[in-house]
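Architecture at a glance
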Amino acid sequence: MILRHIKYFLAVAEYQSFTQAAASLYVSQPALSQQIKQLEEGLGATLFDRSGRRVTLTDAGNVYARYAHRALQDLEEGRRAIHDVQDLSRGALRIAITPTFTTYLLGALIKAFHTRYPSLTLSVQEMSQEQMEKQILDDEFDVGIAFEDVQSADIDTQTLLIETLALVVSKHNPLAKQAAIDLPTLNAQSLVLLSREFATREQIEHYCRQHDIAPNVLMEANSLSAVIEMVRHTQLTTLLPSNIAHNYDELVAITLAPSLLQRTAVLLQRKGAYQSAATNAFVALAHEVCSNTVESNALFFK
């Protein structure tokens, strides 16, 4: 059995089609079918049910797929381990991050990391936490930055910071001169919020349910930049991390009192994943940068 057999097997399992799998692998369908046949003969088991319109895994195929996927992950980690240079003169890192952190945390992290390790390459992708967890488990990312409500037991987390959300308004809003607002005032607001695919929206709705309030959600958007633009150009308000407002001269963050709206930001990594020198360096630096962010935020809320 060779590595090619495993890759071909997983491609057919993914596409449920020999034709589509062959196209994705840039091989002919007869060649692919022959390789799968050799694999089945070597294992002494039929891996695919070919009787329907779609090719599906047999019971034996389902069992083998779990081990085949794990084997590819281990081999890829081995490849990265060979090329990992402990002095950090070269290396690569794959990072996933949720949208709200992109606005105020990512820039500081990347600046510090590139200044300290200029020869390392970074790949950064913004995505929902649900998608992030799936791709971390599939070994498509080394580190994720999201929230503590992790769904998978196969992901380890490390606390980065406690993030405080505030009522964010335009500087021309009548509320902009207030240092804090109470729950009845929040309840009277017309809000623009991120749409429900964002963890931030669920956290806001949970906070409102806890305090028995129901502000009027007049608009919603599926991007943070759109929410910010709506607030900048209207009298609508929103609930976002206070640090985001600090980056815009036109925005003001107002503390929610007496009960702060807070959530915990964490680093996500797959349990048992290979820890490259670049990964370890980034994790250490993230804790350092986030510690400074917490101190800045504490000063703001004094």
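Residues numbered from 1 in each chain as written. Predicted model: local features only at pLDDT ≥ 70, side-chain atom pairs only at ≥ 80, totals over all residues. Heavy atoms only, no water.

**Some remarks on the overall build of the protein**
Basically, it comes down to this: A run of DSSP states H or I qualifies as a helix once it reaches four residues; a run of E qualifies as a strand once it reaches two. Both are numbered from the N-terminal end. The buried label applies to any residue whose accessible area, calculated with a 1.4 Å probe on protein chains only, is under 20% of its type's maximum; exposed applies above 50%, and partly exposed to all values in between. Per-residue accessibility takes into account occlusion by the displayed protein chains alone, with areas from the Shrake-Rupley method and a 1.4 Å probe. Here the positive residues are Lys and Arg and the negative ones are Asp and Glu; neither His nor the chain ends is included. The atom standing in for a charge is NZ when the residue is Lys, CZ when it is Arg, CG when it is Asp and CD when it is Glu.
Scanning the protein for helices and strands turns up 12 helices and 12 strands. If one aligns the C-alpha atoms of the protein with their principal axes, the spans along those axes are about 75 × 50 × 30 Å. Each of the 302 residues in the protein was classed as buried or not, and the buried ones make up 45%. A total accessible area of about 15,400 Å² is found for the protein, and carbon and sulfur atoms account for 51% of it. Charge separation in the protein, taken as the distance between the mean sites of 25 positive and 33 negative side-chain charges, equals 4 Å.

**Concerning the environment of Thr-157**
The topology assignment puts Thr-157 in strand 6 (residues 155–170). A sequence separation of 114 residues divides Thr-157 from Lys-271, and the C-alpha atoms of the two residues are 9.2 Å apart.

**What to know about helix 9 (residues 199–210)**
We count it as follows: Here the expected span of a helix is defined as 1.5 Å times the quantity of residues minus one.
End to end, helix 9 covers 17 Å across 12 residues, agreeing with the expected 16 Å (1.5 Å per residue, within 8%). Of all the residues in helix 9, the buried ones are Thr-200, Arg-201, Gln-203, Ile-204, Glu-205, Tyr-207 and Cys-208. Looking one or two residues beyond helix 9, the residue adopting positive phi is Asp-212, at roughly 55°.

**Some words on the confidence of the model for the protein**
Rules: For every residue, the predictor assigns a confidence score, pLDDT, that lies between 0 and 100. The contact definition used throughout considers only heavy atoms, calling two residues in contact when any of these lie within 4.5 Å.
Summarising the model, the protein shows a mean pLDDT of 89, and 95% of its residues fall at 70 or more. Segment residues 295–302: pLDDT under 50, and 10 contacts once partners within four positions in sequence are set aside and those in other chains are kept.

**Some thoughts on the pattern of salt bridges**
Inclusion rule: One speaks of a salt bridge when a side-chain nitrogen belonging to Lys or Arg is within 4 Å of a carboxyl oxygen belonging to Asp or Glu.
Considering all chains together, one arrives at 13 salt bridges under this definition. The shortest N-O distance in the salt bridge between Arg-116 and Glu-288 comes to 3.0 Å. Taken together, the positions of Arg-116 in helix 6 (residues 106–116) and Glu-288 in helix 12 (residues 277–300) put the pair 172 residues apart, joining distant regions of the chain. A relative accessible area of 43% means that Arg-116 is categorised as partly exposed. For Arg-201, the salt bridge identified is with Glu-205, shortest N-O distance 3.0 Å. Of this pair, Arg-201 and Glu-205 both sit in helix 9, four residues apart, which is roughly one turn of that helix.

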